[in-house]
Structure formats: structure tokens, C-alpha cells
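# Structural characterization, general
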Amino acid sequence: MREDPAATSKVLVALTYPGIHAVWIHRLCHRLWTTTPALRPLARLLSQWSRGLTGIEIHPGAVIGRRFFIDHGMGVVIGETAQIGDDVLMYHQVTLGGRSRGRFKRHPTIGNNVLLGAGAKIIGPITIGDGTKIGANALVVKDVPPNSVVTGIPANTIPGDVIA
């Protein structure tokens, strides 16, 4: 509720916010994925069911920190080797995608206290530093230092005091 001024009660959030539902289901799927290899097919099935229910696709192998919030989540895609820190706010149509195939780290690592604007595409095994703000529709394909503001296609870092 602290991230969304439209949220008037915890009950309303629990019942009506697909981003919350997707994260709850992901936590279950991730546990199945990481604890018992024989349950990985079940984890994938549940994650695909969640995608159909919420419009948010999170691979069960993705690692997600505490207090992660997806606002207006439709179209979000989070890949298998993505790592997301604590207190991250993500808007709709964000992609944390790969740009190669194989069994290695191929998705982004997102630091703590990061804001990912609507439609942002963060692609490849790059790192987004703590406290960074990624602008709407930005295409990010290179590492971003902490406390940056990043906008554009391809993304460029701008001075942090430009956006207050």
C-alpha cells in the first residue's frame, strides 16, 4: 500500500491487485523450482497458470527480493536468471529479458530500491545499480551505476537532479 496511493485497504490490495497475486504464486513456484528438481515441471505449469490469470510472466527460476511490487502488471516478463533486489517498484510491460540462449546467467540483475518505468526493457546479463530509476520505454543493454536516472532508446544516463 505504501507504493500505491489508490490502495485504500490491505484487503482491497490482496483481492484485486494482479501484481501481488503474481508475486505470491511466484514465491510458491520458486520454492518448488529450487528445492526439488522433480517438481520443476509443476513449477512451470503453475507459473503459466499464473501468467494466464494475471498477465504477468515470471519464470520460477527468477530470484525476487523482499517488498517487490508490480503496479498495473499486464505484460511484465521476468526471465529465468533474473535477480531482483529488495524494495523494487515495477510498472506494466517491463521486460527483464535475455539476449542469448544457454544454461548461464543471461538476464538482468536489478539492485535494491530501483524503479522500473512502464514499458522499460532491460536486456541481457547486466546490472542495474541500487537506487536507480529507469524511465518509461527505456531500452537498457549496458550496466547502470547506482543512483542513476536512465532514459531513451538506447538508454542514456542523465543527471539525477533532472528528475525530482
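Each remark here, short or long, concerns the structure printed above.
Below: a short report on this structure. (Residues numbered from 1 in each chain as written. Predicted model: local features only at pLDDT ≥ 70, side-chain atom pairs only at ≥ 80, totals over all residues. Heavy atoms only, no water.)

### A look at the environment of Ile20
- When you line up the elements, Ile20 lands in helix α2 (residues 18-35).
- A C-alpha to C-alpha distance of 9.2 Å links Ile20 and Gly73, two positions 53 residues apart in sequence.
- Setting aside residues no more than four positions away along its own chain, Ile20 makes contact with Val13 and Phe69. (Helix = DSSP H or I, 4+ residues; strand = E, 2+ residues; numbered from the N terminus. Contact = heavy atoms within 4.5 Å.)

### Some points on the sheet that holds strand β11 (residues 127-128)
- Spatial strand order, β2-β5-β8-β11: 4 strands in an open sheet with parallel pairing. Lying at the two open borders of the sheet, with one neighbouring strand each, are β2 (63-64) and β11.
- Two elements, strand β8 (residues 109-110) and β11, share 2 bridges in a ladder whose sense is parallel. Bridging from a neighbouring strand, Ile110 pairs with Ile128 of β11. (Pairing = 2+ DSSP bridges.)

### A word on unusual backbone geometry
- Each neighbour pair has its own omega, and for Ile153 with Pro154 the value is -10°, a cis peptide bond.
- On the secondary structure map, Pro154 appears in the loop between β14 (149-151) and β15 (156-158).
- Non-glycine residue Gln93 carries a positive phi angle of around 60°.
- Since its relative accessible area comes to 45%, Gln93 is described here as partly exposed.
- The backbone of Asn113 shows a phi angle near 60°, a positive value even though the residue is not glycine.
- Structurally, the position occupied by Asn113 is in the loop between β8 and β9 (115-116). (Buried < 20%, exposed > 50% of the residue type's maximum accessible area, 1.4 Å probe, protein only.)

### With respect to the packing of aromatic side chains
- With the rule as written, the count across this model stands at 1 aromatic pair.
- Seen from their ring centres, Tyr17 and Phe69 are 6.4 Å apart, and the 45° between their planes marks the pair as tilted. Linking Tyr17 in the loop between α1 (10-16) and α2 with Phe69 in strand β3 (residues 69-70), this pair joins segments that are 52 residues apart in sequence. The pair formed by Tyr17 and Phe69 is uniform in burial state, with each residue classed as buried.
- Stacked on the ring of Trp33, the Lys or Arg Arg40 has its end atom at 4.3 Å from the ring centre. (Phe/Tyr/Trp six-rings, centres within 6.5 Å; stacked < 30°, edge-to-face > 60°. Lys NZ or Arg CZ within 6 Å of the ring centre and 35° of its normal.)

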